[in-house]
Amino acid sequence: MNSRQTNKNNHTISESNGEYWADNVSKYFGEQPGLVNVNLTLNKGQIHCVCGANAAGKTTIVRVLAGLLKPDKGKITQPEKKKTGLMLEYSMLYPKLSIAENLRFYAGLYGVEKEKHYIDKLLESLGLDDLKSERIEVLSAGMQKRASFARAIINKPELVLLDEPFSGLDQQAAEKVKANIKELAGNKSAVLITTHWINQVIEFCDEFSVLDKGRLIMNEKAANVDKQAFCRDYVFYARRNG
Amino acid sequence: MKAKFFRTISILYKDLLCELRSGQGIAVMILPEILIAGLFRISGITITEPERLVSCVLLVNLLFAGILGGERTALSEHENGCINGLLVCPAKSEEIYFAKFGFNFLLLCLFGIIIVPILAILFLTESNIHLLELLFSILLINIALGSVVTILGFLVYRSGAGNSLLSVIFIPVMLPVFIPAVNLITYCLGGGDTIDTGNKAVQFLVCFDIIFLTLGWLLFDFVLEEN
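Keep in mind that this is a model prediction, so the values were computed, not measured.

Before going further, it helps to spend a moment on the overall build of chain A. Helices and strands together make up the secondary structure of chain A, namely six helices and eleven strands. In terms of C-alpha radius of gyration, chain A reaches 18 Å, essentially the compact-globule figure of 18 Å for 242 residues. For chain A, the C-alpha atoms occupy an extent of roughly 45 × 45 × 35 Å along the three principal directions. Within the span of chain A, comprising 242 residues, buried residues form 55% of the whole. A separation threshold of at least 6 residues defines the contact pool for chain A, and within that pool the share at least 24 residues apart is 71%. Here chain A has roughly 11,000 Å² of accessible surface; of this, 47% comes from carbon and sulfur atoms. Within chain A, one finds 34 positive and 29 negative side-chain charges whose respective centroids are separated by 3 Å.

What follows concerns the sheet that holds strand β10 (residues 207-212) of chain A. All names here are of chain A. The mixed open sheet is built from six strands, whose spatial order is β7-β8-β9-β5-β10-β11. With one partner strand each, in any of the chains shown, β7 (84-87) and β11 (215-221) form the two edges of the open sheet. Direction aside, the axes of adjacent strands within the sheet are offset by 15° on average. As defined by bridge partners, strand β8 (residues 159-163) adjoins strand β9 (residues 190-195) across five bridges and the pair is classed as parallel. Its bridge partner lying in β9, aspartate 163 is registered against threonine 194. Strands β7 and β8 of the sheet are contacted by helix α4 (residues 141-152), whose axis makes an angle of about 165° with β7.

Across soluble globular proteins, nonpolar side chains have a tendency to be buried as a group. The biggest cluster of nonpolar side chains holds 145 residues, and the ones touching the most others in it are Ile181 and Ile198 of chain A together with Phe170 of chain B. Contact partners of phenylalanine 170 of chain B, with chain neighbours within four places excluded, come to Leu63, Ile67, Leu145, Val148, Val149 and Leu152 of chain B.

Turning to the packing of aromatic side chains, a few remarks are in order. Going through the model one piece at a time under the given rule, you end up with ten aromatic pairs over all chains. For the ring pair phenylalanine 105 of chain A and tyrosine 106 of chain A, a centre distance of 5.2 Å and an interplane angle of 65° mean the geometry is edge-to-face. Tyrosine 106 of chain A shares its class with phenylalanine 105 of chain A; the two are buried. Each residue in the set Tyr97, Phe98, Phe154 and Phe220 of chain B is aromatic and connected to the rest through ring pairs, giving one cluster. Here lysine 156 of chain A stacks its cationic end above the ring of tyrosine 118 of chain A, 4.7 Å away from the centre of that ring. Lysine 178 of chain A extends its terminal NZ or CZ atom over the ring of phenylalanine 166 of chain A, reaching a point 5.9 Å from the ring centre.

This paragraph deals with the interface of chain A and chain B. Between chain A and chain B, the contact holds 28 residues from the first and 25 residues from the second. Interface of chain A and chain B: buried area, both sides summed, is about 2,400 Å²; carbon and sulfur atoms make up 62% of it. In this structure, the connection of chain A to chain B is made through two salt bridges. With a shortest N-O distance of 2.7 Å, glutamate 101 of chain A and arginine 21 of chain B are connected by a salt bridge. Counting across the chain A and chain B interface gives nine residue pairs in polar contact (both at pLDDT 80 or more). Listed by contribution, the elements that provide at least two residues to the side of chain A that touches chain B are α1 (58-66) and α2 (99-110) of chain A. In terms of residues, the side of chain A that touches chain B owes the most to one element, α2 of chain A, which gives six residues.

Residue and element names in this part refer to chain B. A complete count under the given rule lists one cavity of 30 Å³ or more for this structure. As a volume, the largest cavity reaches approximately 30 Å³. As for the largest cavity, its lining consists of Ile26, Met29, Ile30, Leu107, Leu110 and Phe111. At the level of elements, α2 (24-42) and α5 (93-123) are the ones that each hand at least two residues to the lining of the largest cavity. Its residues assigned to classes, the lining of the largest cavity shows six nonpolar, no polar and no charged.

A few words on the side chain of serine 93 of chain B. Residue and element names in this part refer to chain B. With respect to the element layout, serine 93 can be found in helix α5. Looking at serine 93, the relative accessible area reads 11%, which means it is buried. Other than its neighbours up to four places away in sequence, serine 93 contacts Phe220, Asp221 and Leu224.

Right, let's talk about the pattern of salt bridges for a bit. All names here are of chain B. If you walk through the whole model with that rule in mind, you get 19 salt bridges over all chains. In this structure, glutamate 95 engages arginine 7 in a salt bridge whose closest nitrogen and oxygen atoms are separated by 2.7 Å. In this pair, glutamate 95 sits in helix α5 while arginine 7 sits in helix α1 (residues 2-22), placing the two residues 88 residues apart along the sequence. The class for glutamate 95 is buried, based on a relative accessible area of 3%. For arginine 7, a relative accessible area of 11% puts it in the buried group.

Let us look at helix α3 (residues 50-78) of chain B. For α3 of chain B, which comprises 29 residues, the first-to-last C-alpha distance of 42 Å matches the rise-based estimate of 42 Å (1.5 Å per residue) to within 8%. In the stretch just after α3 of chain B, asparagine 80 of chain B is the one whose phi turns positive, near 60°.

Take the side chain of asparagine 180 of chain A next. Residues and elements named next belong to chain A. If you trace the backbone, asparagine 180 turns up in helix α5 (residues 171-186). The class for asparagine 180 is buried, based on a relative accessible area of 7%. In this view, asparagine 180 contacts Leu122, Ser125, Leu126, Phe149 and Ile153; residues no more than four positions away in its chain are not counted.

To continue, consider the environment of glutamate 89 of chain A. Residues and elements named next belong to chain A. Along the chain, glutamate 89 turns up in the loop between β7 and α2. Put simply, glutamate 89 and lysine 116 are 27 residues apart on the chain and 27 Å apart in space, counted from C-alpha to C-alpha. Excluding its chain neighbours within four sequence positions, the residues that come into contact with glutamate 89 are Thr59, Lys145 and Asp163.

The rules behind each value
- Residues numbered from 1 in each chain as written.
- Chains lettered and ligands numbered in written order.
- Predicted model: local features only at pLDDT ≥ 70, side-chain atom pairs only at ≥ 80, totals over all residues.
- Heavy atoms only, no water.
- Helix = DSSP H or I, 4+ residues; strand = E, 2+ residues; numbered from the N terminus.
- Rg over C-alpha atoms; globule rule 2.2 N^0.38 Å.
- Buried < 20%, exposed > 50% of the residue type's maximum accessible area, 1.4 Å probe, protein only.
- Contact = heavy atoms within 4.5 Å.
- Areas by Shrake-Rupley, 256 points an atom, 1.4 Å probe, with all protein chains shown as cover.
- Lys, Arg positive; Asp, Glu negative; His and termini not counted.
- Charge placed at Lys NZ, Arg CZ, Asp CG, Glu CD.
- Pairing = 2+ DSSP bridges.
- Axes fitted to C-alpha atoms, helices over the stretch in contact; angles between N-to-C directions.
- Core = buried A, V, L, I, M, F, W, Y, C linked by side-chain atoms within 4.5 Å.
- Phe/Tyr/Trp six-rings, centres within 6.5 Å; stacked < 30°, edge-to-face > 60°.
- Lys NZ or Arg CZ within 6 Å of the ring centre and 35° of its normal.
- Buried area = accessible area lost by both parts, 1.4 Å probe.
- Salt bridge = Lys/Arg side-chain N within 4 Å of Asp/Glu carboxyl O.
- Polar contact = N/O pair within 3.5 Å; in protein donor to acceptor, adjacent residues only side chain to side chain.
- 1 Å grid on protein atoms, 1.4 Å probe; cavity = no way out; pocket = protein on both sides within 12 Å on 5 of 7 lines; lining within 4 Å.
- Points joined across faces, edges and corners; volume = space filled by probe spheres on them.
- Nonpolar A, V, L, I, M, F, W, Y, C, P; charged D, E, K, R; others polar.
- Expected span 1.5 Å × (residues − 1).

Below is the structure:
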């Protein structure tokens, strides 16, 4: 499946149009471990949840898979033609532009600016259609988060990487984002969600991983997990690890 | 090729729109420079070579305007982490570089258009200006300033160093441009320098522009890389 490979030092980045994975990936920030020998597979049409306490390496794995950070060791695959959707803790939206202008700008960069119908539908599904002419700087944090999610999936990505997509969202907004995530998976995108609130995602994820100080300490299919017990154990673990 | 050009223009247009809406950059760049020029005029110093004085004041003004522009270009992309949005989309680093360079260049040209007539009114009593040559010289100087400040502005920001570092590294890099640029503008304003000095300065500036635009094009990818 791999159409192109770049190999620099100890890491390889290759392109794929099938499944996406991190193979034995390590990343250090000085002496501090960000990721240590992490193996992760993201399958088409599946939602993979990565949980962990603060500084567990959740954002680092997202940034590595997005190609923003180069791993010190290991292999990763990315979609062809940069068909990655990325949402990080900050909105990645220009404060002086409106929601619609921001989305049009990114749609232009991805070459999907002609799909106006899709953009309108996306805004409607996130409850942003009435606010599309408002500048980002005047929106609340929750609204910005929703707009940021719309930006992340504007290109109908094959690989969707969402870092804490529900933080700062109220129940209603979180449900709208969840519905969009399910739709993406239904359209055969591979989705990775990171969170430290396992209760919010336990019902709709297909696979769970837990990171602890950069190490992957659990990786299970949802079918093999007793969700109630997993939630209880994870909450206990999270309290203990801050 | 067409897609590359479209993406570069999109980023440039977005920057111009953001700048126009904030309005801060242009005001911050222009007001202090007018103040400096006015203070020079009312200080009562004896001016024996007004053309050379104007060219020096103009160059210093362009230099500081370049620093402010460079800081703003890098800042606008790092606010809300927008640069990551650009890096994960198909826009290549050279497209981002040329869009940012275009923005800085246009801002410097706008600044030049405003400041040159003010300096001429304040300091030049006799008008012997070679207007076309003057415009051409300012374009060459702005290309040099824009190409260097774009790459250094992002370099400083990505390295996590404070903004003040930009002026510390920008001014030494621009030092070789000072003397030829002053000679060239003095000639264009009808000052004492000969056309031969002007020609040599043009040759130097063209070489400088080509070198730094090429360096920016080739090195911007490394500047944007996060380790």
